[in-house]
Amino acid sequence: MFEHLKPLPADALLKLIEEHRSDPRTDKVDLGVGVYKNVRSETPVLDIVKRVERELLESQQSKAYLGTAGRALFNSRMQELVFGDTADDTRLLTVQAPGGSGALRLGAELIMQANSNAKAWVPDETWANHTPLLNSAGLTLAKYPYYDGKSHTLLIDQMLDGLRKIPSTDIVVLHACCHNPTGVDPSEDEWRAIVDVLAERKLVPMFDTAYLGFAQDITADAFAIRYAAEVLDELIVTASCSKNFGLYRERVGALSLLAKDSTARDVLASQASMAARTLYSMPPDHGAAVVARILSDDTLRQQWDKERDEMRDRLSDMRSLLSTALENKSTGHSFAHLTRSKGMFCYLGISAQQVARLKQDFGIYMADSSRINVAGITSENVGYLADSIVSVL
Ligand code: LMR
């Protein structure tokens, strides 16, 4: 039965984890997959997560099923986190999903149920997994202009023009903050203009948000979603707790839907329930239980805010460190854009051949597009990194 199947290439990003792991060089540097790393290049379990996990271990009385929508407290706390207190709760629905990817897939299933002819428009440069993930649910994808690779800036006018040409009722995928891979986000005024075009054209946004709190703070980073929830009739949000809670392997995510009214919301709840049941039945609970507890207690929440702010500040410091180290080399090649970008990623702005040489000759790992995870930079490796990058320019 299976003998006709052909082997598929490994996922280009995930392959970097294994390649870096098996590289014996001691000065190797991992700027590949998007996981946070501290000054010792470790991806630690947050202190607040450890504390709540210990508490859970003692207090949890049952592991019985919770249902297709997961943990109710997690869903309401995530909804508050993402939408604040201004959105109309009677039109909002949030269900737990297995990570941000599971939320995207669940959202795509609902889009297909509602309109199997809808296209999903993604920014021209987007997370590498958006295309295969949304395609696998049956959605057709297209691109709208987003990023200028020469100036490393947002193509706001072209983006707005592109959005104006999209057929009404299509889906527009947007990164709410810390755009992956470019780190280039619209300003608040630009977001208003984008959302106003969506309203004018009757387009439904699907905000993917995996980095809330990594650009500025939760309120500022959720600005686009909250503004869209005020202005639009319908929207979709997929949220991940992998990065900002450091819960990567626990697969914690949420799908939120804003419907036209409470009746439509209830219909969506039943559709989401059936879609989850047929895809994975129920989401995993452990990480969601941790998040629900942290977001339900002021003291725990403050400690999370503090640890998240520390991660955000380190990402920003490491961008500046590498940018300065490279600018000091006076190569004639500008790296000033590194400090303008937000979150975990930006493009270095070098060719795929130069990326390959960095890997082969220096043990420096990054995506072929030259996207770097700035969390992989440390004050110890920055000199080596800058020298190596300059030597391949
Ligand atoms: C990334 O873009 O590196 C992360 O979101 C991890 C992943 O699953 O691709």
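Conventions we followed
Residues numbered from 1 in each chain as written. Predicted model: local features only at pLDDT ≥ 70, side-chain atom pairs only at ≥ 80, totals over all residues. Heavy atoms only, no water. Helix = DSSP H or I, 4+ residues; strand = E, 2+ residues; numbered from the N terminus. Expected span 1.5 Å × (residues − 1). Buried < 20%, exposed > 50% of the residue type's maximum accessible area, 1.4 Å probe, protein only. Arc of directions from axis to C-beta. Contact = heavy atoms within 4.5 Å. Core = buried A, V, L, I, M, F, W, Y, C linked by side-chain atoms within 4.5 Å. Salt bridge = Lys/Arg side-chain N within 4 Å of Asp/Glu carboxyl O.

Visitor: For this particular structure, what's the right way to read helix α2 (residues 47-59)?
Guide: For an α-helix, the turn length of 3.6 residues means that residues three or four places apart are oriented alike. The terminal C-alpha atoms of α2, which comprises 13 residues, lie 19 Å apart, in line with the 18 Å expected from a rise of 1.5 Å per residue. Residues of α2 that are buried include every one of Ile 48, Val 49, Val 52 and Leu 56, and no others. Buried residues along α2 cover an arc of 95° about the axis, so they all sit on one side. Of the exposed residues in α2, the ones pointing more than 90 degrees away from its buried face are Asp 47, Arg 54, Leu 57 and Glu 58. Packing partners of the buried residues in α2 comprise α11 (286-294) and α12 (298-327).

Visitor: Mind showing me how you'd approach the nonpolar core here?
Guide: Soluble globular proteins tend to bury their nonpolar side chains together. In this structure, Leu 322 and Leu 348 are the most contacted members of the largest nonpolar core, which totals 100 residues. If you tally residues by element for this core, the top one is α12, at eight residues. With residues up to four places along the chain from it excluded, the contact list for Leu 322 reads Leu 338, Leu 348, Ile 372, Ile 377, Val 382, Leu 385, Ala 386 and Ile 389. Counting residues in hydrophobic clusters, the runner-up holds 33 residues, among them Val 122, Leu 141, Met 206 and Leu 257.

Visitor: Help me understand the pattern of salt bridges in this model?
Guide: Where charged atoms of side chains with opposite charge meet at close range, the side chains can pair. If you walk through the whole model with that rule in mind, you get 21 salt bridges. With a closest N to O distance of 2.4 Å, Glu 55 and Arg 293 form a salt bridge. Of this pair, Glu 55 sits in helix α2 while Arg 293 sits in helix α11, placing them 238 residues apart in sequence. Residue classification places Glu 55 among the partly exposed positions, given a relative accessible area of 31%. Where Asp 387 meets Lys 329, a salt bridge forms, and the shortest distance between an N and an O atom there is 2.6 Å. One end of the pair, Asp 387, is in helix α15 (residues 382-392); the other, Lys 329, is in the loop between α12 and α13 (337-340), with 58 residues separating them in the sequence. Among the charged side chains, a network of salt bridges with common partners joins Arg 301, Asp 305, Arg 308, Asp 309, Arg 312 and Asp 313.

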